[in-house]
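As a plain string of letters, each chain reads:
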Amino acid sequence: MTQIMFGDIKLTSNIELSASCEIQKDGGISKHIFSLSWNPSSLKSVKEPKAEIAWSIPLKGIQHQWHSGCGKNRALLPDWGRSEFSKLSSGCPLHCFYDDNAINRYTVALDDCVTLIERALGVREEGTLLAVRFVIPLDGTGKTTNYSFTLWTDVTPCRYEDAIGKVVSWWEEKYPPMPVPNQANLPLYSFWYSFHQNVIAQKVEAECERAAKLGMKTVIVDDGWQTDDNSRGYAYCGDWQVSQSKIPDMAAHVKKVHDLGLKYMLWYSVPFVGIHSNAYKRFKDKVLEFREGVGAYTLDPRYPDVRDYLINIYTDALKNWDLDGFKLDFIDSFKMVDTTPIYREGMDIVVLEDAVHRLMIDIRKALTSIKPDILIEFRQSYIGPVMREFGNMFRVGDCPASGDSNRVGVIDLRLTSGSTAVHSDMLEWNENESVEHAVSQIQSSIFSTVQISANLDRIPDDHIKALAFWTKFMENNIDLLQKTPIRAEMPHLLYPQVSAVKDGKGIIALYDGSRVAAIPDGINELYIINANGGSEALVRQDGSCNFDIKVFDCCGELKRSQSVSLSGISSISVPNYGLITLIRK
C-alpha cells in the first residue's frame, strides 16, 4: 500500500510503488506530470493493481458540469454518486465545471485516453467541496513496471467551449487525428432507418439516384447486406459474405452507385461473430463474451490471428468492391467480463485496450495504404481523442426522430472532435408528418454533416423541396457550419442557441423562440435559422445599422424582401422553421 501527498493531491496505490510529480504552470492552467514505478514482486499478492489520485477544492462559482457522456443531465452530482469511465473506445477523461454564464470555473482532464479509467467528480457535502478522484489500473502482468500520466487543470475564466477546446488541442499533440477528406463534410444518405436489413441492390440503386438528385454525395449501406435473415440481431455476422439474394454482384452494384456520382460506404460490426457464422467456429476459443441478446460472441483482439482476420476482411472488401469507406460499428463492445480469461497461450498482447489500440492502428494503416482518402465512421460512445486517429466521421448515437437528442449529441461531439467531421444520427420522419416538423430535424443537426434516412420515394413533394433547399444551404456553408468553432449558449439548458461567425459572415440557430440573436460586430452577412415553432425572431443590433432582409419559409420559398434599419431589439416575422438573411448595406 502506498500513500504520497503532492501538494493537495493524494496519490494512493494498493501496491508498493515509487512516484514523482513535476508541476508546470501557464496562467490558469496547471499540468501535474506523474511518474510511477514498481517492482514486479509487489504484484504477487494483488489481483488488480491500481493507482488513485484524489483531491478537493471549494465549490465556488460552479453551478453545472459538462463531460462527453453527460447527455441531457448537466447537474452537479454528489461525490458518492455514479462513477464515469473512459477508455480508448468510449468517452474521454475530461470534466468541465462552469457557471450560469457558461464561463469555465474548473476543467480537469488526463492525457491517458487509452486506459480504462474510472473518475468520480462531485459535491462533497462536508464543507461543500468539489471532490475529484481518478482510479487508474496498472499492468499486473509484470511485463511493465512503470507508468506515467499528466493531469490537466484549468481555472481560466473563459468560455466553457474554449476551456474544452484547449484540452482537445493538447490531446491532439499525443493523438494526431486522421485527415478528413472534404467528402466527410457533405450531406449523405444512410439506409439504416429507411431500409433496415432489406437492402436489395435494385432498390438501393433507385434510392441512391433519388439521393444524388437531392445533392447528397455519399451513401452508407448498413446491416443486412451480409445475410438473408432480416430479424435484426447479429447471429449471422462474422463471415461477411454478400447475400446473393440481395446483392448478386457487389462490385457491379457499387459501380452503379459510383456512376451516379456518389461515394459508397459499407457497414461492419467489428467485434461480433454470430452463433451461425463460420468465424465463430474458427475463433470460439478466442472470444471475450457471449451477448445473448444479439446472438453473437465478441472477438478477443489480444490474439494476432483475430486482428489479422478482421483487417483482411476490410482490405479485401476495399480492393474487390472499390468501396470508399466503412462504417465500423460497436468498437466500444470490446470488454472484459468475469468469464474472460486474463491470459491464454497465443495472445501477443495482454491488456485488452492495448490490443484494441493495435487493431485500430493496423486497420487504418492497411486501409489508407490502399485508399489514402478512405472514409471511416464511428458512433458514440467511441468518439474520443484516440479514436480520432482512426476515424474521420463521428456520428451521434441512435436517437430516431428526436431532434432534441440529435442537437445535444451534435454539439457535444463538436466540442471535443476538433476538425473531425461530426455527423448527426440518421434523420427519419413519418411520410405524413408536416414539412415544418420534418425540417425541424434537419435544423436540429445543422451544425453537423446531416445523414438522411427518410424513404425518398414516399415523402411528399414539399418534403423533397425542403430537403433539396437545406442540403444546398448546408453544402454552400460547410465552412461556417462545420469547420468554424461554434458558440453554444447555456449548455445546461441544452443549447437553445448556437452560432458560428467567421470573416464577416455568420449563422445563428434559435432553438428557443424567446432567445435574442445578437448581431455580431463587423458582420456583413448573417443567416438566422428560426429553428422553433415560433413566428418571429428576436434580434439585437447595438447602435443603428441598415440591412437588406430576406425571409424564407422552411421549404426555401422567398416570402418577403425588404430594407430595414435595425437598432436595439427588433422582432422579425418569419414562418415556423424558416430562414432570415441579413445583408449589411
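Cut-offs and rules
- Residues numbered from 1 in each chain as written.
- Predicted model: local features only at pLDDT ≥ 70, side-chain atom pairs only at ≥ 80, totals over all residues.
- Heavy atoms only, no water.
- Pairing = 2+ DSSP bridges.
- Helix = DSSP H or I, 4+ residues; strand = E, 2+ residues; numbered from the N terminus.
- Axes fitted to C-alpha atoms, helices over the stretch in contact; angles between N-to-C directions.
- Salt bridge = Lys/Arg side-chain N within 4 Å of Asp/Glu carboxyl O.
- Buried < 20%, exposed > 50% of the residue type's maximum accessible area, 1.4 Å probe, protein only.
- Expected span 1.5 Å × (residues − 1).
- Arc of directions from axis to C-beta.
- Contact = heavy atoms within 4.5 Å.
- Core = buried A, V, L, I, M, F, W, Y, C linked by side-chain atoms within 4.5 Å.
- Phe/Tyr/Trp six-rings, centres within 6.5 Å; stacked < 30°, edge-to-face > 60°.

Undergrad: Please clarify how the sheet that holds strand E7 (residues 84-86) should be interpreted in this entry.
TA: Consider a sheet: its strands pair through backbone hydrogen bonds, and that pairing is either parallel or antiparallel. An order of E1-E2-E5-E11-E10-E7 is seen for the 6 strands of this open sheet, with the pairing classed as antiparallel. Two strands in the sheet have a free side with no partner beyond their single neighbour: strand E1 (2-6) and E7. Taking the axes of each pair of neighbouring strands and ignoring which way they run, one obtains an average angle of 20° across the sheet. Across 4 bridges, the pairing between strand E2 (residues 9-13) and strand E5 (residues 50-58) is antiparallel. By the bridge assignment, Leu11 is partnered in E5 with Ile53.

Undergrad: Would you mind going over the pattern of salt bridges with me for this structure?
TA: Close approach of charged atoms allows side chains of opposite charge to pair. Summed over all chains, the structure comprises 37 salt bridges. As a salt-bridge pair, Asp79 and Arg124 come within 3.2 Å of each other at their nearest N and O atoms. Within this pair, whereas Asp79 is found in the loop between strand E6 (64-66) and E7, its partner Arg124 is found in strand E10 (residues 117-124), the two being separated by 45 residues in sequence. Of the residues examined, Asp79 reaches a relative accessible area of 26% and is grouped as partly exposed. Glu172 is paired through a salt bridge with Arg388; the nearest N and O atoms lie 2.7 Å apart.

Undergrad: Looking at this structure, I do not really get helix H3 (residues 201-213). What am I missing?
TA: Helical periodicity: at 3.6 residues per turn, an α-helix aligns residues three or four positions apart in one direction. The end-to-end C-alpha distance of H3, which contains 13 residues, comes to 19 Å, matching closely the 18 Å that a straight helix rising 1.5 Å per residue would cover. Within H3, burial applies to Ala201, Val204, Glu205, Glu207, Cys208 and Ala211. Buried residues of H3 fall within an arc of 165° about the axis and therefore sit on the same side. For H3, the exposed residues lying more than 90 degrees away from the buried face are Gln202, Lys203 and Lys213. Contacts made by the buried residues of H3 are with strand E13 (188-190), helix H2 (192-195), strand E14 (218-221) and helix H4 (250-259). Looking one or two places after H3, you find Gly215, whose phi comes out positive at around 95°.

Undergrad: Hey, could you run me through unusual backbone geometry in this one?
TA: Of all residues except glycine, most have a negative phi; of all peptide bonds, most are trans. In the segment running from Gln380 into Ser381, the intervening peptide bond is cis, with an omega of 15°. For Ser381, the location among the structural elements is in the loop between strand E20 (375-379) and strand E21 (393-395). Of note in the backbone geometry, Trp240 takes a positive phi value of approximately 60° without being a glycine. Among the secondary structure elements, Trp240 is positioned in the loop between E14 and H4. On the accessibility criterion, Trp240 (5% relative accessible area) is buried. The residue Asp322 is not glycine, and still its phi comes out positive at about 60°.

Undergrad: Which parts of the structure should I look at to understand the nonpolar core?
TA: In summary, soluble globular proteins display a tendency toward joint burial of nonpolar side chains. One finds Trp225, Tyr268 and Phe447 to be the most contacted residues of the largest nonpolar core, which totals 136 residues. Looking at which element gives the most residues to this core, the answer is helix H6 (residues 304-321), with 9 residues. Counting 29 residues, the second-largest nonpolar core is a separate cluster that includes Phe6, Leu36, Tyr106 and Leu130.

Undergrad: Would you take a moment to explain the packing of aromatic side chains for this structure?
TA: Given two aromatic rings, their pairing is described by the distance between the two centres and the angle made by the two planes. Per the stated rule, a full pass over the model turns up 29 aromatic pairs. For the ring pair Trp225 and Trp321, a centre distance of 5.9 Å and an interplane angle of 80° mean the geometry is edge-to-face. In this pair, Trp225 is assigned in the loop between E14 and H4 and Trp321 in helix H6, connecting sequence segments 96 residues apart. Considered together, Trp225 and Trp321 belong to a single accessibility category, that of buried residues. Aromatic pair Phe272 and Phe330: ring centres 5.0 Å apart, planes at 40°, arrangement tilted. Here Phe272, found in strand E16 (residues 272-274), pairs with Phe330, found in the loop between strand E19 (325-329) and helix H7 (352-370); they are 58 residues apart in sequence, far enough to count as distant.

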